[in-house]
Each structure stands twice: as C-alpha cells, then as structure tokens.
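This is what each chain is made of:
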Amino acid sequence: MNPTVAADNMNFIQRAFAEGGFVMYVIAVIAILAVFVIVERLMKLKNLSVDKKEFTDQIFRMVVAGDLRQAISYCDARPAPLTNTVKAGLVQAMNKRPDEEVQVAMDAAVMREMPKVEGWVSFLAVFGNVAVLAGLLGTIIGMIGSFRAVAAADPATKALELSKGISHALNCTAFGLLVAIISIVAYGLFQHRIQKTENEVVETSMSLLNLVVANREKIKD
C-alpha cells in the first residue's frame, strides 16, 4: 500500500475516534470480539470439515464388504462431526445391536457434535445488535452535547460547537453500523454452513443405517 494512502487512512481512523468519544471505544471492543469469533469459527470449521463424497464412498464400500472394524478405524483417523456420528452407528452395528439402537446412537452423536460446529456463532447476532445500539447511544450523546454547547456558546462559536456534536454523532453511527453489518453477515454465512453440516450428518447417518440393515449378514466378527 502506498505509504501516503496508509497514513491518510490512519489519520482518518484516529480522527474518527477522537471525534466520536468514548462510545467509539465501546464499539471497538465489540468489533474485536466479533472478529475473534469469526476467525475462531473459520479455523474450527476448516478443521472439522471432511470430503463427504470420498468419506461416504470409502465407508459404504467397507460396510458392504462387512469390514466394520476397518470402517471404524477410518472414522477414527478423521475426527469430525460427520465421522464421529457414523462411528457411533458402526460401533453399535459391530456389536450386533438392533437397528433402533444403531439409530439412537447416531442421533445422540448428532446432538453431541453439533454444538462443536455452532460454537459461539450465536453471539455474532448479539454483537450486531449491540453495535447498532451503541452507535445509537453515541449519536444521542453527540446530539445532546451539541445542543448544550450551542446553547452556552457565543454566536461566533455556535457553528463550530454544532459541527463537533454532529461529527461525534455521525462517527458513532457509522462505526456502529459497520460493525453490525459485518457481524450479522458473518452470522448468516455461518448459520448456512452449520445447517449444511447438520443436513450432511443426518443424511449420511440415515443412509448408513439403511446400508447396515441391508448388509447385516456380511458383518465380520
């Protein structure tokens, strides 16, 4: 980046914080928390994701061959919500438990695994709403300060005092809305990803159950 442009941007941010008052720092704390949740979820979801097609192809091939021990070992090598759920069903199938217990084991695994996927994502919606409210608070504080300053100022400085108050209000509004937009958009994207992961886990577990039922006689001891 051009050093002159970088310096101008830095001056703009510093000026915005100086003009916006303490509410700008409150919104900055909310922004830091939101960024922390976003980065943490991105890294976590990357680690928890598996290639669904490759995984199901391999697992279903092993189940059809009756080699559930190999299928369980395959799941152990790739710990993730999908593999852990499938493993829970495979363990019950290998122990020759009834179909209902296989299904119950996978349902319980889904309930255990999904909170790992969701993490603190719900707080992004909270951060978005709080950022808007904090920006509105800064706006009101700025306007109150502006009117008080104008009422007490002499005619020569009224315009200056009014512009300070308006600047305070607009900086808080803009920063609050910026943080809110980022938080709410990230919340929406993560919710879509979480729902997609849950659908994949449920769909795969149901397919596995049907496959196990159809190939029970092939299961090796």
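The rules we used
- Residues numbered from 1 in each chain as written.
- Predicted model: local features only at pLDDT ≥ 70, side-chain atom pairs only at ≥ 80, totals over all residues.
- Heavy atoms only, no water.
- Helix = DSSP H or I, 4+ residues; strand = E, 2+ residues; numbered from the N terminus.
- Buried < 20%, exposed > 50% of the residue type's maximum accessible area, 1.4 Å probe, protein only.
- Contact = heavy atoms within 4.5 Å.
- Salt bridge = Lys/Arg side-chain N within 4 Å of Asp/Glu carboxyl O.
- Axes fitted to C-alpha atoms, helices over the stretch in contact; angles between N-to-C directions.
- Parallel < 35°, antiparallel > 145°, perpendicular 65-115°, else oblique.
- Left-handed = near helix turned anticlockwise from the far one by under 90°.
- Nonpolar A, V, L, I, M, F, W, Y, C, P; charged D, E, K, R; others polar.
- Core = buried A, V, L, I, M, F, W, Y, C linked by side-chain atoms within 4.5 Å.
- Patch = residues over 30% accessible without salt bridge, like charges linked within 9 Å, V, L, I, M, F, W, Y side chains within 5 Å.
- Areas by Shrake-Rupley, 256 points an atom, 1.4 Å probe, with all protein chains shown as cover.
- Expected span 1.5 Å × (residues − 1).
- Phe/Tyr/Trp six-rings, centres within 6.5 Å; stacked < 30°, edge-to-face > 60°.
- Lys NZ or Arg CZ within 6 Å of the ring centre and 35° of its normal.

## Notes on the environment of Val 63
As for its placement among the helices and strands, Val 63 is situated in helix H3 (residues 52–64). Residue class for Val 63 comes out buried when judged on its relative accessible area of 2%. Placed 153 residues apart in sequence, Val 63 and Arg 216 show a C-alpha to C-alpha distance of 9.0 Å. Discounting chain neighbours no more than four positions away, the residues touching Val 63 are Leu 68, Leu 90, Leu 208, Leu 211, Val 212 and Asn 215.

## Describing the side chain of Thr 85
Considering the arrangement of structural elements, one finds Thr 85 in helix H5 (residues 81–94). Apart from residues no more than four positions distant in its own chain, Thr 85 is found in contact with Met 106, Ala 109, Val 110, Glu 113, Val 201 and Ser 205.

## Description of the pattern of salt bridges
Evaluated as defined, the whole model comprises six salt bridges. Here Lys 53 and Asp 57 are joined by a salt bridge, their closest N and O atoms 3.1 Å apart. You can see Lys 53 and its partner Asp 57 sitting in helix H3, four residues apart, about one turn around the helix. Glu 101 is the partner of Arg 97 in a salt bridge, and the nearest nitrogen-oxygen pair spans 2.9 Å. What makes Arg 97 partly exposed here is its relative accessible area of 35%.

## What to know about the packing of H3 against H5
Across the interface, H3 lies against H5 with an axial gap of 12 Å and an inter-helix angle of 15°. Classed by the angle they form, the pair H3 and H5 counts as roughly parallel. As H3 runs across H5, the sense of the crossing is right-handed. Every residue of H5 that contacts H3 at Lys 52, Phe 55, Ile 59 and Val 63 is listed here: Leu 82, Thr 83, Val 86 and Leu 90.

## Thoughts on the packing of helix H2 (residues 22–48) against helix H7 (residues 122–152)
Here H2 crosses H7 at 170°, and the two axes come no closer than 9 Å. The angle between H2 and H7 falls in the class roughly antiparallel. Listed contacts from H7 to Phe 22, Val 23, Ile 27, Ile 30, Leu 33, Ala 34, Val 37 and Ile 38 of H2 are Leu 124, Phe 127, Val 130, Ala 131, Ala 134, Gly 135, Gly 138 and Ile 141. The class makeup of the residues in the contact of H2 with H7 is 14 nonpolar, two polar and no charged.

## Section: the nonpolar core
Of all hydrophobic cores here, the largest spans 50 residues; its most connected members are Ile 59, Val 63, Val 86, Leu 90, Leu 124 and Leu 208. Every element with two or more residues in this core is listed here: helix H1 (3–20), H2, H3, helix H4 (68–76), H5, helix H6 (99–118), H7 and helix H8 (158–214). Here the element with the most residues in this core is H8; it accounts for twelve residues. Among all residues touching Leu 208, those that are not within four sequence positions of it are Ile 59, Phe 60, Val 63, Val 86, Leu 90 and Met 106.

## Concerning a nonpolar patch on the surface
Where nonpolar side chains cluster on the molecular surface, the patch consists of Val 132, Leu 177, Ile 181, Val 185 and Leu 189 and spans about 450 Å² of accessible area. It is H8 that contributes the most residues to the nonpolar patch, four residues altogether. Looking at where Leu 177 falls in the secondary structure, it is placed in helix H8.

## So, unusual backbone geometry
Not every positive phi belongs to a glycine, and Lys 96 is a case in point at roughly 60°. Here Lys 96 shows up in the loop between H5 and H6.

## Re H6
An ideal rise of 1.5 Å per residue puts 28 Å on 20 residues; H6 measures up with 29 Å between its terminal C-alpha atoms. Of the positions making up H6, those classed as buried are Val 102, Ala 105, Met 106, Ala 109, Val 110, Glu 113, Met 114 and Val 117. Buried-residue contacts for H6 involve H2, H5 and H8. Phi for Gly 119, located one or two positions after H6, is positive at around 55°.

## A few points about the packing of aromatic side chains
For any pair of aromatic rings, the description rests on two quantities: the centre-to-centre distance and the angle between the ring planes. If you walk through the whole model with that rule in mind, you get five aromatic pairs. Pairing Phe 17 with Phe 175 gives two aromatic rings, centres 5.5 Å apart and planes at 65°, and the pair type is edge-to-face. Of this pair, Phe 17 sits in helix H1 while Phe 175 sits in helix H8, and the two are 158 residues apart along the sequence. With relative accessibility at 18%, the residue Phe 17 sits in the buried group. A cation sits over an aromatic face here: Arg 78 above Tyr 74, 3.8 Å from the ring centre.

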